[in-house]
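Spelled out, the chains give:
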Amino acid sequence: MPKTPNAGSPPPRAPSPGVSSLPALFVRVDTHIAPGYAVPPHYDSLLAKVIVWGPDRPTAIARMRRALAETTIAGPGVATTTDFLHDILDHPRFRAATHDTALIGDLNTPAAVTS
C-alpha cells in the first residue's frame with residue numbers, strides 16, 4: 001500500500017505544520033493561537049511566524065508592514081516585537097538589502113530605543 005502523508009489534503013500531500021491563515025494575499029501566518037486564545041502567563045515567545053511574498057523587495061516590505069499592522073495580540077503581560085519589526089522594515093540598510101545581523105544590535109542601543 002503506498003504511503004499517503006496528510007491523506008486529507010490535496011496532492012501533492014505535502015506536510016503543513018501549524019495553523020495557517022491568510023489575512024491578506026501573499027501573507028502566511030503559522031501559529032498555534034486562534035481568535036480568542038488566552039495567552040497563558042508562561043508562554044512560548046514565538047506566538048506566530050509571519051511570512052510574506054512579493055515580486056520585489058519594496059512590495060514584500062509593504063506587505064509585511066500591512067500584515068503587522070493587521071495583527072493584534074494583546075493582554076496583560078503579553079509583549080510582542082511588532083514595533084521592533086517595523087523599525088527593521090523602515091531602516092535604510094534593510095530597505096537597501098545591505099543589512100546584516102548587526103542591525104539588530106544597532107537598533108537596540110540606548111540611542112535607538114524610544115520607549
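Shown above is the structure to which this text applies.
Below is a short write-up of the structure.

What counts, and where the lines are drawn
- Residues numbered from 1 in each chain as written.
- Predicted model: local features only at pLDDT ≥ 70, side-chain atom pairs only at ≥ 80, totals over all residues.
- Heavy atoms only, no water.
- Helix = DSSP H or I, 4+ residues; strand = E, 2+ residues; numbered from the N terminus.
- Buried < 20%, exposed > 50% of the residue type's maximum accessible area, 1.4 Å probe, protein only.
- Contact = heavy atoms within 4.5 Å.
- Areas by Shrake-Rupley, 256 points an atom, 1.4 Å probe, with all protein chains shown as cover.
- Arc of directions from axis to C-beta.
- Core = buried A, V, L, I, M, F, W, Y, C linked by side-chain atoms within 4.5 Å.

**Quick look at the overall build of the protein chain**
- Each helix and strand in the protein chain was counted, giving 4 helices and 3 strands.
- Put simply, the protein chain runs from its N terminus to its C terminus through helices and strands in the order β-β-β-α-α-α-α.
- Split into buried and exposed, the 115 residues of the protein chain put 20% on the buried side.
- Here the analysis covers contacts within the protein chain between residues at least 6 apart in sequence; of these, 32% occur between residues at least 24 apart.
- Carbon and sulfur atoms make up 62% of the accessible area of the protein chain, which totals about 8,500 Å².

**What to know about helix α2 (residues 82-90)**
- Every buried residue of α2 is accounted for by Thr82, His86, Ile88 and Leu89. Along the axis of α2, the buried positions cluster into a sector of 160 degrees, meaning they face one direction only.
- In the core, the buried residues of α2 are packed alongside α1 (57-69), α3 (92-95) and α4 (102-107).

**Digging into the nonpolar core**
- Ranked by size, the top nonpolar core spans 8 residues in total: Ile61, Met64, Leu68, Ile88, Leu89, Phe94, Leu103 and Leu107.
- Those elements giving two or more residues to this core turn out to be α1, α2 and α4.
- Top element by residues in this core is α1. It accounts for 3 residues.
- Beyond its immediate stretch of four places on either side in the chain, isoleucine 61 contacts Leu89, Phe94 and Arg95.

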